[in-house]
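The chain contents come next:
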Amino acid sequence: MNKERVLIIKLSEMKNEEGWLKNRVSGAWKINLDTIIKKNITHIVAMHRQVVVADYTLGDEAGYHLTGSDAGRVWFDLKDYTGDTPLKGKQFDYKTANPATTKDLEELLKLEVKN
């Protein structure tokens, strides 16, 4: 059975500006594209203070920044989430120092904080 994995992007700040969130989540992360491809990741979430603030579906394009301060970091084409398990608005007890990690969806759901 192929378990769904989610890419979790942890944000240290939030801005209330049009398009800021999607733009921030789509660019410059230290993660290997092979990881995303081999683990068949299509669901990307943005988390701030352990709350999911956005759900996205991976678009058709992703790549590495080749120059500048973001050289070697990955960027993504993001689309509105189209999957069966939206996570926006849910809180998770998920602590990691790495701002870009992958997690098995079932394991992540076990970490949900019920209010």
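Residues numbered from 1 in each chain as written. Predicted model: local features only at pLDDT ≥ 70, side-chain atom pairs only at ≥ 80, totals over all residues. Heavy atoms only, no water.

If you trace the backbone, Glu 112 turns up in the segment after helix H3 (105–110). Not counting the four nearest positions on each side in its chain, Glu 112 is found in contact with Lys 90, Gln 91 and Phe 92. (Helix = DSSP H or I, 4+ residues; strand = E, 2+ residues; numbered from the N terminus. Contact = heavy atoms within 4.5 Å.)

What follows is about the confidence of the model for the chain. Chain-level pLDDT for the chain is 93 on average; 98% of the residues reach the 70-or-more range. The secondary structure element of the chain with the lowest average pLDDT is helix H2 (residues 33–38), at 92, and the one with the highest is strand S2 (residues 43–48), at 97. (pLDDT = per-residue confidence, 0-100.)

Another point: the nonpolar core. If you look at the biggest cluster of nonpolar residues, it comprises 20 residues, and the most contacted ones within it are Val 25, Ile 44 and Phe 76. The set of elements that each furnish at least two residues to this core consists of strand S1 (5–11), helix H1 (20–26), H2, S2, strand S3 (51–64) and strand S4 (74–80). Of all hydrophobic cores here, the second largest spans ten residues; its members include Val 6, Ile 8, Met 47 and Phe 92. (Core = buried A, V, L, I, M, F, W, Y, C linked by side-chain atoms within 4.5 Å. Buried < 20%, exposed > 50% of the residue type's maximum accessible area, 1.4 Å probe, protein only.)

What follows covers unusual backbone geometry. For Ala 28, which is not a glycine, the phi torsion comes out positive at approximately 55 degrees. As for its position among the elements, Ala 28 is in the loop between H1 and H2. Under the relative-accessibility criterion, Ala 28 is labelled buried at 10%. One non-glycine residue, Asn 40, adopts positive backbone phi at about 50 degrees. Within the secondary structure, Asn 40 is located in the loop between H2 and S2.

Here Val 45 shows up in strand S2. Val 45 sits in the buried class, given a relative accessible area of 0%. Put simply, Val 45 and Asp 70 are 25 residues apart on the chain and 21 Å apart in space, counted from C-alpha to C-alpha. When sequence neighbours within four positions are dropped, the list of residues in contact with Val 45 reads Val 6, Leu 7, Ile 8, Ile 9, Val 52, Ala 54, Asp 55 and Leu 87.

When you line up the elements, Lys 10 lands in strand S1. C-alpha of Lys 10 to C-alpha of Val 113: the two residues are 103 residues apart in sequence and 17 Å apart in space. Beyond its immediate stretch of four places on either side in the chain, Lys 10 contacts Trp 29, Met 47, Tyr 94, Lys 95, Thr 96, Asn 98 and Pro 99. One polar contact links the side chain of Lys 10 to the main-chain carbonyl oxygen of Thr 96, over a distance of 2.6 Å. (Polar contact = N/O pair within 3.5 Å; in protein donor to acceptor, adjacent residues only side chain to side chain.)

On the basis of which strands lie adjacent, the open sheet formed by five strands has the order S4-S3-S2-S1-S5 and mixed pairing. The open sheet is flanked by S4 and strand S5 (100–104), the only strands paired with a single partner. Geometrically, the sheet is characterised by an average inter-axis angle of 45 degrees between neighbouring strands, direction not taken into account. Bridge count between S2 and S3: six bridges; the pairing is antiparallel. Paired with Ile 44 across the bridge in S3 is Tyr 56. (Pairing = 2+ DSSP bridges. Axes fitted to C-alpha atoms, helices over the stretch in contact; angles between N-to-C directions.)

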